[in-house]
Each structure stands twice: as structure tokens, then as C-alpha cells.
Amino acid sequence: MKPNRLPLRLALVMLALSVALPGLALRPTVALGQQIPSPESFFGFEMGADRKLARWDKLVEYYNLLDSESPRLQVVNMGPSTLGNPFLVLFISSPENLANLEALRQINATLSDPRGVAEAEIQQAIDQGKAVVVQSFGLHSSEVAASQTAAEVAYDMVTREDEEMLRILDNTIAIMIPCFNPDGEIMVTDWYNQNVGTEYEGVGLPWLYHHYIGHDNNRDAFMQNTIESVYGAKIIFQDWIPQAYIDHHQMGAYGARLYVPPYAEPIRPEADPLTWREMAWYGAHIAYKEEEAGKSGVVNAAVYSGWGHFGFHWITPFHNIAGMLTESASARLATPLFLHPDQLQGSRRGMPEYEEQTTFPNPWPGGWWRVRDIVEQQKIAVIAALDIAARNRKTVLRNAYLKASRQTERGAKGKPAAFVVPAAQHDPLTAQKMINTLLGQGIEVQQAPEAFTHEGRVYDAGTFVVSMAQPKRGVIRWLLGRTFYPDNSYTRDRDGNPIRPYDMSTDNIAEYMGVRVDPVDTAVETALAKVTQKIDPAGSIAKGQHGYVLDGRLNDSFKAVNLLWDGKVAVRRVDQPSAGLRAGDFIVSASASEALVAEIAQETGVGFQALDTDASAGSRPVTRARIGMYQRYLGGNMDEGWTRLLLENFGFPYTTLKDAEIKADDLHENYDVIILPADNVARMTGERPEGSGGGFRSRRPEDYPPEYRSGFGKEGVEALKAFVENGGTLVTFAEAGALPIEKFELPIRNVVAGVPSKEFWSPGSTLRVHIDNTNPLAYGMPSEGLAMFLGGNHVYQVLPSDRNHRIERIVTFVDRDLLQSGWLLGEALIAEKAAMVSVGHGQGRVVLIGFRAQHRVQTHGTFKLVFNALLSSPALAPTTSGQ
Ligand SMILES: [Zn+2]
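In this report, we go over the structure that sits alongside the text.

Observations regarding the sheet that holds strand β15 (residues 464–467)
Logical step 1: The strand order β16-β11-β15-β12-β17 describes an open sheet built from five strands, whose pairing is antiparallel. Each edge of the sheet is formed by a strand with only one pairing partner; in this case those strands are β16 (518–520) and β17 (529–530).
Logical step 2: Across two bridges, the pairing between strand β12 (residues 446–447) and β17 is antiparallel. Directly across from Q446, in β17, lies its bridge partner K530.

So, in C-alpha cells, the structure goes:
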């Protein structure tokens, strides 16, 4: 060896020591790494050990301990989770960087939005900035490894003294969300521990692992209906726009051991292309590091397409962030799983067989698979991503600047130049919620203080403008622009059958929310003011001689009505339009407490308008319906959870009905309305679900302990039938409608049932519909709207019968050009057919909403179709008795 290498090595060691010195100076008695307990010593087992899971409360204790013992780690408690557990963010970097965190955040913000910044300042920011990498763990709580991995990564990062780690600490700010769903981590850990050693060891949680939304918690990043998403968005979209983001997940057990970036085809267009190149670059380094460490079974560019849902890892590329995920093969929660070689399979996307290919050169041969295996491969992935960012700090930072400035330029030159959100809207309060959603994404929104005319249209004062000449143009385009999912050989199989998109085929929130948005070709030149905080309208109050009117077109009027009912105030509803009153408006008595009215106006933002004429002739009293909603086990039903969230957001009280309550024979005495959330009949009744069997993820009642084998059976069906015959209203969402159609023999049919996908296909698209807003079930709705239609949803045709007159078609598809956004095959099959019907049955009725009117609490544009069914209904026509 050349002797002159030695001094250089010594110099490097000295440099390394000097990096660690300030930490030593702060804590002279603590040699770094000596007094910090390893996860193994703290928890009493190695992370990922067979049948062992560290629980979130202990993990929190551990992170707080690391914070107090190490100058390299800071814990930030963002606040309580949905169920009140702490939601933590860890900042890990060199002590110097952590001491300068706010200055570094500002440098990062400059590079993420360099508009108006001089080139010299950009260069300085690149020189002085640090690469920011956010990684998150444990979003999906049944994927148990990642929340354990995070603890070991944090420990390694605060104790390792090698060159690689010191380079990472010096050059990056590693932001870790060590558990994205603390509540679920606790639920799954407790459930698992309760069943270890029994025949139910390793069986999944019988209910949702997020209080409201279960596995859909990564479908919430763009709308942020849960507090966990709000925290994530604050970190990733607002405070820190990282250069890279990786979310660590687990997938099925029977394929590759680890999926790493980049994504497979097709990709969603219009991110800055550098973002896709970066994802390939990170992915190659991660895959390389896994291979170097001897890990087999790693695949990239397969399984997960680049056009996914707008969860955090799939929306971030449109924020100019290399937004990625890893997916490890699962075991059975924390229980090892043995796999035979012939059980291992490829993937429909990018991996036709379980055989060598360039992106999968080293197939794992089978054998035992344990959580520890997952922890080890995840650790390599986490550090590899930081390593490449640290080694290429300036490149990464320069890219951040390039991506942001090029997207801004594209926005300035392209069409549309902006999206205008007029102040005049069918439901202005919902339009304001949409603006708040955009602000939650860190998108710049401006508002016109004065009325203006643009491209021939007149806009009122208060109109919002979202310019495309900003770094986040990509995300704006998909949230507000019309969307067509690709139909090509990436999205069809060899027989030409369409392949389901990973999630929805559009994410246009304006369409979801029923908000008018005008794309404009030229920049809006009128004076505009930046909207600097979320809009929180105060409402207004004008008392009339006959009380107040609430606009029935506002979703929030339903919340106001619920709050009035909470205060025992009587409410009437207008059926006969007259001067100043529309069918569906609510009338509030003049005797209502003024303090209560003021409080409700403030809370909901609705205007209590003066009613000066006696409108009692054209209106009727409405009362609160007693609402029940079915809830099953088998892993829970996310649509049920989302519906709970919807009802709570708008103040509707409800009772959760499990099997025993459904089977009770006095349903009609206790409930006026029962909701069956979207679900298949077999899962509700407990009949064996068709196509079940196979992998551990299939959910069969017999897999669960007896008390969780849900299904209300024939008895429940009979009880629901009696409920309707005795005057109750049964409301079904989407495929749940099959239960009354089949079991009550309703004279309607679902015309798309059993139709091959080549002939009819609508995987999460917005379809144009007519709405009969003279029907009380559609009061307050516009006469034209959009229905969110997912695969498996229903389209109704009325069958000839002596009960034709008892069927009302509330929502019907238009006659042609049905598709607004998404992907639709076979529109002729559903044109002019019904999307929502009410069918009189006995003394009651069944309201069947064939599409997803309340999908994920995102489709605000159709919430009122649900709400109207939850109020006392007008007396049924006299012809109904004895039919
Ligand atoms: Zn997952």
C-alpha cells in the first residue's frame, strides 16, 4: 500500500471527529452511542423478532429517549391522532444542521419555489442547503414491519460513526414519520398479541385499523379528511418540500420480496421529467445496495404503476418531489410464513413470470419469511436513499430548483394558463372547502377583490384564480383539469381486457365536489391578492318576521339543521317554491334562540336569511330520522367507516348496527333509516364470499375467532325486509343494492351485472347525470351533475310490473358523452338508465344509490343525495297502502 494514503485517512477520521465534536462538547460525559440503549435492549427483543411487536406507546418513549440522549435527533409531536395518540415526526441530522433547522428550511423553501430569486442566491442556496428526505413508516397497520424498522433506523442514525453515516448526517436532513397511523399500530399490536399461540395467530384485525378509513388512509393525502393526513401534508406539502419522499409498505406474500422504485407503466404525465429520472436513480441505488448486501428477490419498475391514487407517495411527484414507495413481501403479521418455490408468482405489471429479468435479476428461492427479513431490507432501502442524496447533495438541490422553475415556465407558456373558480357557485361554501384543499397542498391561490371580465366571462368579486405559472402546476393540473386515463397495451391484457387502474381513473376534486372551475387560456390580468390562510366563513344572520331561511343547496345547511335539532329547534322544509324560496330550503322558526343561531352560523358558515312571508302552506315540518348503519367484521368495510366520518362531519347522529341488532325483529320501532354501505351481499349475510380461498389476505368468516364471524344471514335479511314493509327507509350504496334487489325481489335490475369488462368499464370515473331536483330526495341539487362510478357499482333499469308507479328515478345518466373524466367503455349500455332510484316496498321504501355519492368523503357534489334520505320523508302517496 502506498504510505502517502495514511495521512489522508487520518484527515478523514479527523474530519469525521470534528463533525461529531459539537455533540461531544454539549455532553462531555456521554461518548456518543454509549449510553443510548439499542432497540433490542430497550424493548427486550430485536426489531422484527418472530412474534414480537413494539407497541406505539413504547416506541414514543423510545424516540423521546433518543431525543434526550442524542444531539442528532429531534422529536416533534405534531398533535394527537384520530384516537388521541401522539403523532411524531423525527428530524435526524448533524447537530449543526439541527441547530440551524429553520435557516435550512428557508433555503429549502427557496429552492422549491425559486420564482423571483436571483441566480446568485440560488447558487448560494445550493451551496449551503441540505438534501431533505422524508420517509414514512407504518401507514398501513397490518404491514407491521415498518414501524419496527423505524426504531432501528433511528438508533443506527444516532449511534453509527462510520463515514457513510457521517456523510448522511452532514449532507441531509432526514425527516422520519415513524408511524403514520399510531392508532392502528396499537390496534394491530394488541390484536396480534392477544392471539399469539392460539389457532388465530397471524389472522388480520377483524375491524378497520384506522378508526374511520382503514386501508384507505393512503387515499386521503389530497383531500386530507383525517388529522393524520393533515399532519403529513403540513410536513411534506407546506413546511418542508423534500427532494425525495419514500413510504415503506408491505404487499402480498407470494411475489417478489421487495419492490423498490421506479414505478411500472403507465405513468401519470405532467410531472417534471427530472422527477421520473430521479426516481429511477434512487431506485437503482436502493436495488444495488440490497444486492450488495446479499438480499435476493428485489424487483423494480414492476407491480406498482406510475399512475396511482393521490396518496402521499403518488401525489408527491407532482409537487416536484421524487415520490416513491417500497413494498416488502408480508409474513402473517409478526408470524413467519413458509413459502414453496412453486407458490411464488410474477405480477401483471412488469413481471410476467417469477423468473430473472433485468429488473429482477436474483429471484428469492422460497423458504421461511420473517418480519426480521423485512426489517433488514427496509433498513438498507432507507439508508440507501439517504446515501445517494448525501453523495449528490448539490445535484439533488439543483434538481429541486430546476424542477420548480421548469414547471413554472411550462405553466406560464401552456394552456390552460389558470383555473378560475368563480365566486358564484351552486354551493359557495363547498367551493371554499375546495380552495382550502388546494391550500392544504401548498398550492398558491389568489383572489380577486373586485369583479372582472376574462375571456368574455364576468366574474364577481371574491373569485379565486389558480395560476399554472407556479411550481405545483402538475398537481393543480390533476386536481382541477379534466382527466382521461390511458387505454393502451399497458392498460389492457393480452386478451384486450382492461386492467384496473391502481385506484381511481381521475382525481379531479372540482368534479368530485360539484364546484364550477373554468380553465382559461390566458393569464388573468386583474389585481389579485394571495390567499394566505384557510377560509373560515363566519356565516350571517338576518332575522325576519317569520324566522329564517337556510339555502337547501348548501351542504352545510344540513349541518346547521342538525345543530338546530340538537338545540330542539323545529325546522320546516319548502316543497312549493315561491318568491325567494326554493324547494328544499329549510325554514327555521323565529322563536329559535338567537344565541344558538349565532353560534351555528359561526360554526357552519351558512347564512340565516330573513323570512318575511308566511311560508307554512308550501312547506312541511321535517324531523330528524333515527339512523342505523350496518357494520360488519371481516376486516371492516371502509365505505362504512367513511360514511361514519361523513355523518359526523355534518352532525347526523347514527347508531352502528352489528349483526345482532340487524337481526332484531323490531328495527322499525327504533330506526327510520338504515344504511347499507357499499358491500357485496355475501359479506353482509356471511354467505361464503365468491372467489375466496388462496392467500392469507382473503377474508373468510371461519378464519376469525367465533365472535368476529360476521354475517346477519337469512334472519337479518328478513328483519330488514320487515323494517321496510313497516315503513322504514333502507338506503343502499352501490353494490349493497343487490341485497334488496335479490332478497326483496324489487322490480328493478342492475344492467351492468355480469357484463364483461371489455363491454362495460368505469373504474372510478365521473359520469354525467341528470338529477330530478323536484324530488325531495334530490332537493338542493343542481339539475345536472357528476356521479362517481366505480367498478362493481350499479345502473338500474325498471322491470315491467304492477309496481311501476312506486318507482322513482332520481338520478339518470345523460344520453351521450357520459364521460367527464376517467375511463369509460360501453356508455350505450347505461345511457339514460337510472343511477339512483327509490322503490316503494310495503309501507316503506328502498333508496338505491348505484354509484358512490359519498365516496371517501370526497364527492361533496353528491352528498345531498345521501343527506336528503336521512331526513323524515314526505308521507307516501295513499296508493302505496296494500300494494
Ligand atoms: Zn400498504
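Back to the write-up after that little detour.
Observations regarding the packing of helix α5 (residues 101–112) against helix α6 (residues 119–128)
Logical step 1: Two numbers describe how α5 lies on α6: the axes approach to 10 Å, and their chain directions differ by 130 degrees. Taken together, the axes of α5 and α6 are oblique relative to one another. Considering how the two elements wind past one another, α5 and α6 form a crossing that is left-handed. Judged by residue contacts, L104, I107, T110 and L111 of α5 engage I122, A125, I126 and Q128 from α6.
Logical step 2: In terms of residue class, the contact of α5 with α6 is built from six nonpolar, two polar and no charged.

Focus on the pattern of salt bridges
Logical step 1: The tally for this structure, following the rule as stated, stands at 51 salt bridges.
Logical step 2: Residue D156 is joined to K379 by a salt bridge in which the shortest nitrogen-to-oxygen separation is 3.0 Å. Of this pair, D156 sits in helix α7 (residues 145–159) while K379 sits in helix α13 (residues 371–391), and the two are 223 residues apart along the sequence.
Logical step 3: D156 sits in the buried class, given a relative accessible area of 16%.
Logical step 4: Of the residues examined, K379 reaches a relative accessible area of 18% and is grouped as buried.

Brief notes about unusual backbone geometry
Logical step 1: Of the consecutive residues P261 and P262, the connecting peptide bond is found in the cis state with omega at 0 degrees.
Logical step 2: A cis amide bond links K415 to the next residue, P416, at an omega of -5 degrees.
Logical step 3: Positionally, P416 belongs in the loop between α14 (393–413) and β11 (418–421).
Logical step 4: In the Ramachandran plot, A301 falls in the positive-phi region, its phi being about 55 degrees despite a non-glycine side chain.
Logical step 5: Secondary-structure assignment places A301 in the loop between β7 (298–300) and α12 (312–315).
Logical step 6: Of note, the phi angle at N320 is positive, near 70 degrees, even though the residue is not glycine.
Logical step 7: You can see N320 is positioned in the loop between α12 and β8 (322–329).

A look at the coordination of the zinc ion
Logical step 1: In the first shell of the zinc ion, the protein supplies H140 (ND1), E143 (OE), E143 (OE) and H249 (ND1), at 2.0 to 2.3 Å from the metal.
Logical step 2: In this structure, the zinc ion is surrounded by four donor atoms whose angles at the metal cover 56 to 146 degrees, and the resulting shape is irregular.
Logical step 3: Going along the chain, you hit the donors of the zinc ion in the pattern H-x2-E-x105-H. Of this pair, E143 sits in the loop between β3 (131–137) and α7 while H249 sits in strand β5 (residues 244–251), and the two are 106 residues apart along the sequence. Here the two residues E143 and H249 agree in accessibility, since each one is buried.

Cut-off values and rules
Residues take numbers from 1 onward in each chain, read along the sequence in its written order. In keeping with the model being predicted, local features are shown solely for residues with a pLDDT of at least 70 and side-chain atom pairs are shown and tallied solely at 80 or more, while totals for entire chains, interfaces and linings include all residues. To get the side-chain values, all heavy atoms of the structure are used, and hydrogens and water are removed first. A pair of strands is labelled paired if DSSP reports no fewer than 2 bridges between them. Secondary structure elements are defined from DSSP: runs of H or I of at least 4 residues count as helices, runs of E of at least 2 residues count as strands, and each element is numbered from the N terminus. Helix axes are fitted to C-alpha atoms over the stretch in contact, other axes to C-alpha atoms as well, and angles between N-to-C directions run from 0 to 180 degrees. Comment on the angle field: the value is read as roughly parallel under 35 degrees, roughly antiparallel over 145, roughly perpendicular from 65 to 115, and oblique elsewhere. Crossings are sorted by hand: turned counterclockwise from the far helix by less than a right angle, the near helix makes the crossing left-handed, and turned clockwise it makes it right-handed. Two residues qualify as a contact provided that any one of their heavy atoms is within 4.5 Å of a heavy atom in the partner residue. Under the convention adopted here, Pro, Cys and the residues Ala, Val, Leu, Ile, Met, Phe, Trp and Tyr are nonpolar, Asp, Glu, Lys and Arg are charged, and Gly plus all remaining residues are polar. The salt bridge definition used is simple: a Lys or Arg side-chain nitrogen within 4 Å of an Asp or Glu carboxyl oxygen. Exposure categories follow from relative accessible area, calculated using a 1.4 Å probe and restricted to protein chains: below 20% of the type maximum is buried, above 50% is exposed, and the middle band is partly exposed. Because no water is among the atoms considered, metal sites can look incomplete, with donors defined as N, O and S atoms within 2.8 Å of the metal, or 3.2 Å for Na, K and Ca. Under the classification used here, a metal with four donors is tetrahedral if each angle lies between 85 and 135 degrees, square planar if opposite donors are over 155 degrees apart and the others between 65 and 115, a six-donor metal meeting that same test is octahedral, and anything else is irregular.

Function-wise, these values are silent; they only describe arrangement.
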